[in-house]
Amino acid sequence: SQKIEQNSEALNIQEGKTATLTCNYTNYSPAYLQWYRQDPGRGPVFLLLIRENEKEKRKERLKVTFDTTLKQSLFHITASQPADSATYLCALDRYGGSQGNLIFGKGTKLSVKP
Amino acid sequence: GAGVSQSPSNKVTEKGKDVELRCDPISGHTALYWYRQRLGQGLEFLIYFQGNSAPDKSGLPSDRFSAERTGESVSTLTIQRTQQEDSAVYLCASSPRQGAYEQYFGPGTRLTVT
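As the structure is a computational prediction, the values presented were derived from the model and not from experiment.

Conventions used here
Residues numbered from 1 in each chain as written. Chains lettered and ligands numbered in written order. Predicted model: local features only at pLDDT ≥ 70, side-chain atom pairs only at ≥ 80, totals over all residues. Heavy atoms only, no water. Helix = DSSP H or I, 4+ residues; strand = E, 2+ residues; numbered from the N terminus. Rg over C-alpha atoms; globule rule 2.2 N^0.38 Å. Buried < 20%, exposed > 50% of the residue type's maximum accessible area, 1.4 Å probe, protein only. Contact = heavy atoms within 4.5 Å. Areas by Shrake-Rupley, 256 points an atom, 1.4 Å probe, with all protein chains shown as cover. 1 Å grid on protein atoms, 1.4 Å probe; cavity = no way out; pocket = protein on both sides within 12 Å on 5 of 7 lines; lining within 4 Å. Points joined across faces, edges and corners; volume = space filled by probe spheres on them. Polar contact = N/O pair within 3.5 Å; in protein donor to acceptor, adjacent residues only side chain to side chain. pLDDT = per-residue confidence, 0-100. Phe/Tyr/Trp six-rings, centres within 6.5 Å; stacked < 30°, edge-to-face > 60°. Buried area = accessible area lost by both parts, 1.4 Å probe. Salt bridge = Lys/Arg side-chain N within 4 Å of Asp/Glu carboxyl O. Pairing = 2+ DSSP bridges. Axes fitted to C-alpha atoms, helices over the stretch in contact; angles between N-to-C directions.

What about the overall build of chain A?
So, step 1. Of regular secondary structure, chain A possesses zero helices and eleven strands.
So, step 2. Relative to the globule expectation of 13 Å for 114 residues, the C-alpha radius of gyration of chain A, 13 Å, shows essentially globular dimensions.
So, step 3. Principal axes of the C-alpha set define a box for chain A whose edges measure 40 × 30 × 20 Å.
So, step 4. Buried positions account for 49% of the 114 residues belonging to chain A.
So, step 5. A separation of at least 24 residues holds for 55% of the contacts in chain A among residues at least 6 apart in sequence.
So, step 6. Looking at chain A as shown, the accessible area adds up to about 5700 Å², and 46% of this sits on carbon and sulfur atoms.

Structure representation (structure tokens):
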């Protein structure tokens, strides 16, 4: 079955630097991959979706890349701010298609220090 | 507009009691998901409803867990004979339709079994 690994449980960086989070998957390549942000005590909030035919997607200070050869997605936050501190989750379709039934990674907890 | 709402926000119950958790999805969203998140852990898929199709129950951990959805509106997750390992946050999410769409999460119900 499909598995997702987010390599770092925690990532600490200085304000203003670029944070880079990694999401790796095994088995079949997904049709798309999503990234979510989760703050303590709250449900995840959708950030970006990237499809298999897209190499890169941007939204304001966020950038996501998708490398189907490496079976990896990278999530970048440029000019990071303390307000970016949260847990970031990657997710992809559980059955490999576009059913919408997602499997989530365990997340990477990002801490941005002033 | 209104987001996904869940009730109650907190529930403390004694071991062996039954509990019912409620989810009101965003109006018009045909897809609805239930997840469980234990403290410090990732999201664990429980069940997925899509329109009038048979639900995907493959994530339900035991026959003590069941869920229903009324048409394309409210859903209830029922846990019978609760056990301490059922303690977790139960998150509900909805999506516009089946497919590669973002999921909108509710705030969750924190269940504590004593």
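Let's talk about unusual backbone geometry
So, step 1. In this model, Ser7 of chain B is joined to Pro8 of chain B through a cis peptide bond whose omega is -10°.
So, step 2. As for its position among the elements, Pro8 of chain B is in the loop between strand E1 (5–7) and strand E2 (10–13).
So, step 3. In the Ramachandran plot, Glu60 of chain A falls in the positive-phi region, its phi being about 55° despite a non-glycine side chain.
So, step 4. The phi torsion at Ala79 of chain A lies on the positive side, around 45°, for a residue other than glycine.
So, step 5. Mapped onto the elements, Ala79 of chain A comes out in the loop between strand E8 (72–77) and strand E9 (86–93).

Things to note about the layout of surface pockets
So, step 1. Volume-wise, the largest pocket comes out at about 1100 Å³.
So, step 2. Contributing to the lining of the largest pocket are 41 residues, with Lys106 of chain A together with Gln37, Gly40, Gln41 and Gly42 of chain B lying nearest its centre.
So, step 3. Breaking the lining of the largest pocket down by element, the ones donating at least two residues are strand E1 (4–5), E9, strand E10 (102–104) and strand E11 (108–113) of chain A together with strand E4 (31–37), strand E5 (43–50), strand E8 (88–95) and strand E10 (109–113) of chain B.

Some details on the side chain of Arg37 of chain A
Residue and element names in this part refer to chain A.
So, step 1. Turning to its location among the elements, Arg37 is positioned in strand E4 (residues 32–38).
So, step 2. A relative accessible area of 18% means that Arg37 is categorised as buried.
So, step 3. At a separation of 3.0 Å, a polar atom in the side chain of Arg37 contacts the side chain of Asp39.
So, step 4. In this structure the side chain of Arg37 is engaged in a polar contact, spanning 2.8 Å, whose partner is the backbone oxygen of Ala83.
So, step 5. Residue contacts for Arg37: discarding those within four places in its chain leaves Gly43, Pro44, Val45, Leu47, Ala83, Asp84, Ser85, Ala86, Thr87 and Tyr88.

Some details on the confidence of the model for chain A
So, step 1. Mean pLDDT over chain A stands at 91; residues scoring 70 or higher make up 100%.
So, step 2. The secondary structure element of chain A with the lowest average pLDDT is E1 of chain A, at 88, and the one with the highest is E11 of chain A, at 97.

So, the packing of aromatic side chains
So, step 1. This model, assessed by the stated rule, comprises twelve aromatic pairs over all chains.
So, step 2. A centroid spacing of 5.7 Å and a plane angle of 75° characterise the contact between Tyr36 of chain A and Phe46 of chain A, whose relative ring orientation is edge-to-face. Pair noted here: Tyr36 of chain A is in strand E4 and Phe46 of chain A is in strand E5 (residues 45–51), with a separation of ten residues, a long-range link.
So, step 3. We classify Tyr36 of chain A as buried; its relative accessible area is 0%.
So, step 4. Taking relative accessible area as the criterion, Phe46 of chain A reaches 21% and is therefore assigned partly exposed.
So, step 5. Ring centres 5.4 Å apart and planes at 90° place the aromatic pair Phe104 of chain A and Tyr35 of chain B in the edge-to-face group.

Quick look at the interface of chain B and chain A
So, step 1. Of the residues lining the interface, 20 residues belong to chain B; the matching set on chain A comes to 20 residues.
So, step 2. For the pairing of chain B and chain A, the buried interface totals around 1500 Å² over both sides, and the portion due to carbon and sulfur atoms is 51%.
So, step 3. For the pair chain B and chain A, the interface holds zero salt bridges.
So, step 4. One can count four residue pairs in polar contact (both at pLDDT 80 or more) joining chain B with chain A.

Digging into the sheet that holds strand E3 (residues 19–24) of chain B
All names here are of chain B.
So, step 1. Spatially, four strands are ordered E1-E3-E7-E6 in an open sheet, and the strand pairing comes out antiparallel. Of all strands in the sheet, those bounded by a partner on one side alone are E1 and strand E6 (65–69). In this sheet, adjacent strand axes meet at a mean angle of 15° when their direction is disregarded.

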